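# Overview (structure and organization)
Letter by letter, the chains look like this.
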Amino acid sequence: MADVTQSGGAPRLSDMQATYMAQVSKRRLYSGITLLVFILLMVSGFRLAEERNGGSFIGGLDNFFDYPGEVVAEAVEKAGELPAHFVTFFPALLETVNIAAVSTLVGALAAVVLSLLSTRGLARFPRLVPVFRRIMDITRAVPEIVIALILIFVLGGGPVPAMIAIAFHTAGALGKLFSEVNENASLKPLEGLESVGATWSQRMMLGVVPQVAPNWLSYALMRFEINIRASAILGFVGAGGLGYELKNAISWGQGRYDEAAAMFLMLFATIILFDQLSSHFRDRLVHGRKVEMHR
Amino acid sequence: MSATSTNTKMTDTDALMAQTERLFQRKRMVAFGVPALILAYLVYVFFAFDVPGLMQRASAENARALVADTYSYKVHVTRDNRDGAVEVAIEGERKGEYPEGEGPEWVELGRDTVIDLGGGHVVIFGPETISYDVPGYGVIRATPSRSQGVMQEFPEGDLPEWINASKNRLAITTEAGRLSVTRNRAEVFRYFTGWELFFFTLDSPYHGMSVGQVLGRAFNGEAGEIWDDFWHNEMWRHSDVMWAIFETILMAFLGTMGAAIVALPIAFMAAKNFAPLKTVRFGFRRLFDFLRGVDALIWTIILTRAFGLGPLTGALAILLTDTGSFGKLFSEALENVDEKQIEGVQSTGAKPVQRYRFGVLPQVTPVLLSQVLYYLESNTRSATIIGAITGGGIGLLLTQAIITQKDWEEVTYYIVLIVLMVIFMDWVSGMLRRRLIQSDDAGH
């Protein structure tokens, strides 16, 4: 660059080009370093994790299909008993889905209140907005398993601890999404309602909820999908439902793999089913709103 | 539809009226029907989950012990009645035992052991008789003997309910502490607020020093020893706990990033504009659905059989599930790319790889990165749960501490750390998201 400036003021283009190339190479260097650091982190991370693991990665790959193979083999052998297993474990599956449904419902109701209280412009107590935001941050940060295990100790095993735990987390997670939706709501209906003397809850019910309900519902459906998985996994640590039955079946080992296989299938089918249902209804919610907007 | 002649105007209004009426009726139905349905469902669940039975089974005692233990600890003073040896130990644990012949200042060891519980409550372990002076009540005496159980003497009057006496056992619970006497031993608990020995254990020379003193020692060249004593605290195991937190974050990081790396090339095969063959597209989409549908729980079970317990298994379970999620999200993002940019790059004579690198990737990186970072935060929570099953990270420590059902202060410690960890990851991911996406916007 120094050469270019010395050779006179005329070649501005080459000056610019040189600056540009220097910037590009600097940029490439930075991206290269970032990539290198990332690769190093990944490789050393995997090696560290493998070191701390019970079995090695390569050794595991060899018998990766052993266990699924055994399960499938036994399930095929006793294929005739599968329908009976479906019937036996249906109540457990229902419990898992119920846990997810109730916790989504309760969590979403709490999230509605929390989100309205923590959106600027809508809040009942504007000074307390940061407080409610922190409350949501904390409820969101607590993994379900923490509350579930503690409540299992106090209340004993069963679906209720899992339900409360998932609802707690849902309230925070949905609350954040809901308040993002609320921020985009128009304040004009609120002003209108306020001018005729509506109370805060009336303003919210009549002014905000109709504007944001489709988006709320769409997020709640997505959460329901996530909560079914959470409810199954919590069952595995002792909170009832299909997860609990699954744990019992697989800890018995060979001989009850047909039951495990039946439960794998049921869980898989349920997750896929609610996945599809929820994405279908979410599509319709968003689509339906667009049609209304055209009118 | 609209009125074109005056004759039809009346009927039109009528029709409109009827329509409005119907609309209102429907609204009313929804306004009452939906809450009624929700209520009915909740009532059904109330009984399906057996809430009344649960309320009977719920243990208020457990809850009280749990809450009390999270912010307080107890010191046990135990006398073996057969040989008269007295031991003082924090939480009754070997790790918290005072050296023989020593104790805190409120315990006076000697021929008679005098234990001052504060507020005028004094327990004396005599050679034969144990006495407890309760202010406002009187002195209770108990003499354990081999042949006759525990002989007890109380002040005049009925036994209050905080004394639980039987032939072989005496238990007294007051606001100052607890005394229990059996034939074999006498034990006093005194409760204190706080987390015991959080920084240094009793065998450390720094135990009982004030912050100023410790800082002073640290500046005098003892910083290394002080850190060592704190870091290898046997009671709280700070180094192990930090390692477990690191392991959990490692699982989340490896799983999320690994999934992104695996999913990115495959996502091209599932995107409409990059995979013209419908069967290929269909196949890959079903693969993603399968990976997602099997769910982390089942992957964890299967992988544990193959790879054993540990963090790698957890990371791989997250990797497999999220490859499905990312595959779906990435392919949707790829379907939304603007063809014009790719054409522009192509017009300069770029080869296919270059076209992807300069035409496609810059468009999708912000979307992909923001999704990956969002998943990184949520996977930190998943890694805690998966760790409890695969035996890695803070999830394992937490379940172990809960299963022992007594170290609730450690459980609280872990929970606080987990919440801080998740908030930290949330913060990191939010910061990176803002920074990377903004710089990317500026760069292109």
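Residues numbered from 1 in each chain as written. Chains lettered and ligands numbered in written order. Predicted model: local features only at pLDDT ≥ 70, side-chain atom pairs only at ≥ 80, totals over all residues. Heavy atoms only, no water.

Assigned secondary structure in chain A consists of twelve helices and zero strands. Its C-alpha atoms give chain A a radius of gyration of 28 Å, more than 25% over the compact-globule value 19 Å for 295 residues. Along the first, second and third principal axes, the C-alpha set of chain A runs to 90 × 70 × 45 Å. Sequence separation of at least 24 residues holds for 74% of the intrachain contacts in chain A that already meet a minimum separation of 6. Total accessible area computed for chain A in this model is approximately 15,900 Å², and 65% of it derives from carbon and sulfur atoms. Distance from the positive charge centre (25 side chains) to the negative charge centre (24 side chains) of chain A: 15 Å. (Helix = DSSP H or I, 4+ residues; strand = E, 2+ residues; numbered from the N terminus. Rg over C-alpha atoms; globule rule 2.2 N^0.38 Å. Contact = heavy atoms within 4.5 Å. Areas by Shrake-Rupley, 256 points an atom, 1.4 Å probe, with all protein chains shown as cover. Lys, Arg positive; Asp, Glu negative; His and termini not counted. Charge placed at Lys NZ, Arg CZ, Asp CG, Glu CD.)

So, on to the overall build of chain B. Along the backbone of chain B there are eleven helices and twelve strands. Relative to the globule expectation of 22 Å for 444 residues, the C-alpha radius of gyration of chain B, 34 Å, shows a markedly less compact shape. In terms of its C-alpha atoms, chain B occupies a principal-axis envelope of roughly 105 × 75 × 45 Å. Split into buried and exposed, the 444 residues of chain B put 45% on the buried side. When contacts within chain B are restricted to residue pairs at least 6 apart in sequence, those whose partners lie at least 24 apart make up 56%. When the accessible surface of chain B is summed, it comes to about 24,000 Å², and 59% of that surface belongs to carbon and sulfur atoms. Here chain B carries 40 positive and 50 negative side-chain charges, and the mean point of each set is 13 Å from the other. (Buried < 20%, exposed > 50% of the residue type's maximum accessible area, 1.4 Å probe, protein only.)

Before going further, it helps to examine the sheet that holds strand E2 (residues 86-90) of chain B. All names here are of chain B. Taken in spatial order, the six strands line up as E2-E1-E12-E11-E10-E9 in an open sheet, and their pairing is antiparallel. Two strands close off the open sheet at either side, each with one partner strand: E2 and strand E9 (163-166). Each strand axis lies, on average, 10° off the axis of its neighbour in the sheet, ignoring direction. Where strand E1 (residues 72-80) and E2 come together, five bridges link them in antiparallel fashion. (Pairing = 2+ DSSP bridges. Axes fitted to C-alpha atoms, helices over the stretch in contact; angles between N-to-C directions.)

So, about helix H7 (residues 144-155) of chain A. All names here are of chain A. Between its terminal C-alpha atoms H7 stretches 16 Å, which fits the 16 Å expected from twelve residues at 1.5 Å a residue. Among the twelve residues that make up H7, twelve are buried, leaving the element largely enclosed by the rest of the structure. When we look at burial in H7, the residues that qualify are Glu144, Ile145, Val146, Ile147, Ala148, Leu149, Ile150, Leu151, Ile152, Phe153, Val154 and Leu155. Of the residues trailing H7, Gly156 is marked for its positive phi of about 85°. (Expected span 1.5 Å × (residues − 1).)

Taking 1.5 Å per residue as the helical rise, helix H5 (residues 238-270) of chain B with its 33 residues ought to reach 48 Å, and the 47 Å between its terminal C-alpha atoms agrees with that figure. For H5 of chain B, the principal kink sits at Leu264 of chain B and spans about 35°; a proline, Pro265 of chain B, occurs within the next four residues. (Bend = angle between axes of the 7 residues up to and from the residue.)

Take the nonpolar core next. Residues Leu234 of chain A together with Ile115, Val123, Phe125, Leu179, Leu297 and Ile394 of chain B are the most contacted members of the largest nonpolar core, which totals 150 residues. At twelve residues, H5 of chain B tops the list of elements feeding residues into this core. With sequence-adjacent residues up to four places away left out, Val123 of chain B is seen in contact with Thr113, Val114, Ile115, Leu117, Ile130, Ser131, Tyr132, Leu179 and Val188 of chain B. Of all hydrophobic cores here, the second largest spans 21 residues; its members include Leu122, Phe178, Met204 and Val212 of chain A. (Core = buried A, V, L, I, M, F, W, Y, C linked by side-chain atoms within 4.5 Å.)

Our focus in this paragraph is the domain arrangement of chain A. Taken as a whole, chain A is organised into domain 1 (2-51) and domain 2 (69-294). A C-alpha centroid distance of 46 Å is found between domain 1 of chain A and domain 2 of chain A. (Domains from an automatic or database assignment.)

Interfaces are frequently sized by the accessible area removed from exposure as the parts join. In this complex, chain B contributes 66 residues to the contact, which on the side of chain A involves 60 residues. Between chain B and chain A, the buried area comes to about 5,800 Å², and carbon and sulfur atoms account for 75% of it. The largest contributions to the chain B side of the interface with chain A come from Phe49, Phe307 and Ile385 of chain B, which together make up 12% of the buried area. Applying the counting criterion to the chain B and chain A interface returns four salt bridges. The closest approach of N and O atoms between Arg140 of chain A and Asp426 of chain B, which form a salt bridge, is 3.2 Å. Here chain B and chain A share 15 residue pairs in polar contact (both at pLDDT 80 or more) between them. (Buried area = accessible area lost by both parts, 1.4 Å probe. Salt bridge = Lys/Arg side-chain N within 4 Å of Asp/Glu carboxyl O. Polar contact = N/O pair within 3.5 Å; in protein donor to acceptor, adjacent residues only side chain to side chain.)

Attention shifts here to a nonpolar patch on the surface. A grouping of Leu29, Tyr30, Ile33, Val37 and Leu41 of chain A is seen on the molecular surface, where their side chains present a nonpolar patch of about 480 Å² in accessible area. Tracing the sequence through the fold places Leu29 of chain A in helix H2 (residues 12-51). (Patch = residues over 30% accessible without salt bridge, like charges linked within 9 Å, V, L, I, M, F, W, Y side chains within 5 Å.)

In most cases, non-glycine residues show a negative phi, while peptide bonds are predominantly trans. All names here are of chain B. At Asp50, a residue that is not glycine, the phi angle is positive and equals roughly 55°. One can find Asp50 in the loop between helix H1 (7-48) and helix H2 (51-57). Residue classification places Asp50 among the partly exposed positions, given a relative accessible area of 36%. The backbone of Asp295 sits at a positive phi, close to 75°, despite the residue not being glycine. Examined against the element boundaries, Asp295 turns out to sit in helix H6 (residues 278-307).

Right, let's talk about the sheet that holds strand E3 (residues 107-108) of chain B for a bit. Strand order in this open sheet of six strands is E3-E4-E5-E6-E7-E8 (chain B), and the pairing throughout is antiparallel. Whereas interior strands pair on both sides, the edge strands pair on one side only; in this sheet they are E3 and strand E8 (149-153) of chain B.

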